[in-house]
Amino acid sequence: MTALLPSPRRLYIQEVSVRDGFQNEPIFVPTDTKVDLINALGRTGLAKLEVTSFTSPKAIPSLADAEEVLARIERVPGVEFTALVPNVRGARRALMTRLDEFNLVMSSSETHGLANLRMTPEQSLEQFREIAAVVDSRVALCASLSTAFGCPFDGEVPPERVLGLVEQIVHLGIRRLTLCDTTGMAHPRQVYELCARVVERWPEVELAAHFHNTRGMGLANALAALQAGIIRFDSSIAGLGGCPFAPGASGNVCTEDMVHMFEAMGFDTGVYLEALIACSRRIAQIVEHDVPGQVMKAGLSTRRYPVPEGLRKPSG
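Remember, it's a predicted structure, so these values are computed and weren't measured experimentally.

Q: What is the right way to read the overall build of the protein from this model?
A: Helix and strand content of the protein: 13 helices and 8 strands. Compactness check: the protein gives a C-alpha radius of gyration of 20 Å against a globular reference of 20 Å for 316 residues, within 12% of the reference. Expressed as lengths along the three principal axes of its C-alpha atoms, the size of the protein is roughly 75 × 45 × 35 Å. Sequence-distant contacts, at least 24 apart, represent 76% of the contacts inside the protein between residues at least 6 apart. Working note: accessible area of the protein is about 14,300 Å², and carbon and sulfur atoms make up 52% of it. Charge-centre separation for the protein: the mean point of 31 positive side chains lies 2 Å from the mean point of 36 negative side chains.

Q: How do you make sense of the state of the cysteines when you look at a structure like this?
A: Every disulfide links exactly two cysteines, by a covalent bond between their sulfur atoms. Tallied over the entire structure, the rule returns 0 disulfides. In this structure C142 is not part of a disulfide, and its nearest cysteine sulfur, from C180, lies 8.1 Å away. Looking at the unpaired C195, the closest cysteine sulfur is the one in C180, lying at 11 Å.

Q: Whenever I open this one, unusual backbone geometry confuses me. Can you help?
A: Excluding glycine, a negative phi dihedral is what most residues carry, and trans is how most peptide bonds are arranged. The phi torsion at D136 lies on the positive side, around 55 degrees, for a residue other than glycine. Tracing the sequence through the fold places D136 in the loop between α6 (121-135) and β5 (140-146). Unlike most non-glycine residues, E288 shows phi in positive territory, near 65 degrees. As for its position among the elements, E288 is in the loop between α12 (283-287) and α13 (295-298).

Q: Would you mind showing me how to read the side chain of T44 here?
A: Turning to its location among the elements, T44 is positioned in the loop between α2 (31-42) and β2 (48-53). Polar contacts involving the side chain of T44 include one to the main-chain carbonyl oxygen of L41, which spans 2.7 Å. The residues contacting T44, other than those within four sequence positions of it, are G270, V271, Y272, A275, L276 and C279.

Q: For this particular structure, what's the right way to read the pairing of β2?
A: Taken residue by residue, a regular strand's side chains alternate between the two faces of the sheet. Counting buried positions along β2 yields 6 of 6 residues, so the element is predominantly enclosed. Pairing of strand β1 (residues 12-15) with β2, which is carried by 2 bridges, proceeds in the parallel orientation. Its bridge partner lying in β2, E15 is registered against L49.

Q: Could you clarify how one ought to interpret the packing of aromatic side chains in this entry?
A: The description of two aromatic rings rests on the distance between their centres and on the angle between their planes. This model, assessed by the stated rule, comprises 3 aromatic pairs. With 5.9 Å between their ring centres and 45 degrees between their planes, F149 and F211 make a pair best called tilted. Linking F149 in the loop between β5 and α7 (159-171) with F211 in strand β7 (residues 206-211), this pair joins segments that are 62 residues apart in sequence. Taken individually, F149 and F211 each receive the classification buried, so the pair is uniform in this respect. Through pairs of rings, three or more aromatic residues link up here, namely F233, F262 and F267. The lysine or arginine in question, R75, covers the ring of F81, its NZ or CZ lying 5.3 Å from the ring centre. The lysine or arginine in question, R232, covers the ring of Y12, its NZ or CZ lying 5.0 Å from the ring centre.

Q: Hey, could you run me through the nonpolar core in this one?
A: The nonpolar side chains of a soluble globular protein tend to be buried, and buried together. If you look at the biggest cluster of nonpolar residues, it comprises 93 residues, and the most contacted ones within it are F102, L179 and F262. If near-sequence neighbours (up to four positions away) are discounted, F262 is found in contact with L11, I13, A222, L223, L226, F233, F267 and T269.

Q: I tried to follow the pattern of salt bridges on my own but got confused; where do I start?
A: Between side chains of opposite charge, pairing is possible as soon as their charged atoms come close. Following the criterion strictly, the structure yields 19 salt bridges and no others. One salt bridge connects R19 with E50, and the closest N-O pair in it is separated by 3.2 Å. In this pair, R19 sits in helix α1 (residues 17-21) while E50 sits in strand β2, placing the two residues 31 residues apart along the sequence. Accessibility expressed as a relative area gives 7% for R19, which makes it buried. A relative accessible area of 4% means that E50 is categorised as buried. Between E101 and K48 there is a salt bridge, and its shortest N-O distance comes to 2.8 Å. One end of the pair, E101, is in strand β4 (residues 101-107); the other, K48, is in strand β2, with 53 residues separating them in the sequence. Judged on exposure class, the residue E101 and its partner K48 are both buried. Through salt bridges with shared partners, a single ionic network connects K48, E80, E101, R176, E206 and R232.

Conventions used here
- Residues numbered from 1 in each chain as written.
- Predicted model: local features only at pLDDT ≥ 70, side-chain atom pairs only at ≥ 80, totals over all residues.
- Heavy atoms only, no water.
- Helix = DSSP H or I, 4+ residues; strand = E, 2+ residues; numbered from the N terminus.
- Rg over C-alpha atoms; globule rule 2.2 N^0.38 Å.
- Contact = heavy atoms within 4.5 Å.
- Areas by Shrake-Rupley, 256 points an atom, 1.4 Å probe, with all protein chains shown as cover.
- Lys, Arg positive; Asp, Glu negative; His and termini not counted.
- Charge placed at Lys NZ, Arg CZ, Asp CG, Glu CD.
- Disulfide = S-S within 2.5 Å.
- Polar contact = N/O pair within 3.5 Å; in protein donor to acceptor, adjacent residues only side chain to side chain.
- Buried < 20%, exposed > 50% of the residue type's maximum accessible area, 1.4 Å probe, protein only.
- Pairing = 2+ DSSP bridges.
- Phe/Tyr/Trp six-rings, centres within 6.5 Å; stacked < 30°, edge-to-face > 60°.
- Lys NZ or Arg CZ within 6 Å of the ring centre and 35° of its normal.
- Core = buried A, V, L, I, M, F, W, Y, C linked by side-chain atoms within 4.5 Å.
- Salt bridge = Lys/Arg side-chain N within 4 Å of Asp/Glu carboxyl O.

The structure is reproduced here in structure tokens:
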């Protein structure tokens, strides 16, 4: 694993809190609140917003207002709007909206796929094929490959297994892909090695990384992915989110913490950080509990404090 990082360039930040975060909350966030938050996020310079899910309302009642949310939000030029589309029925619903992208999800490991989606990876790939046929190139498709760095049930997922699934996804004509550390099991060396192999083998694929901070390695893993050549990152304001298969775990990598890190290193994220932090500071009140984001609490590293009264600075 080389110690070099790429020269500063444009990075793309993809916000998932309104879907990946709110779907894990026990309360229903009012539609008005969702719309207002999405509109505010859309004005912060984020590249993409995942705003809802077309899963059955019985399965995820917290996102039962998908159509209403999409009908009411402001469309910001230059910002892509995406939603999770789990099956053909969801795809047909989503086609009635003005989405830019459908996010299709499958697991790399069999047990997680059966527990989370009630499908093996092979069954998920067949469903991807059916969704692609229904969509018929009218909307961009992104495949999110869960447990790509480890499964909470099966343990290690061999890289060759992940690469084989990526190959089948690409064969379906899908040119957007997200490698997901679903329960925060990844470590930087593993991230670098797998991401570098995917980047090298499929340079035509628009690749993103999705990390959770379950074991405190989220930002380190993001740097490893950047080092491997990835420039697109999923994240969630205030660190909102989590996974039902990692009880008590913290959520996704925190958007404002990651943007702060990248910007401090000289990369251009296109994000107005102060506006993003203002959105993040609303989250604890919305979900009615504390959230793990750090920068929104500590402030930017460029913040300066008054010199303590009576303290003399050395002369010269």
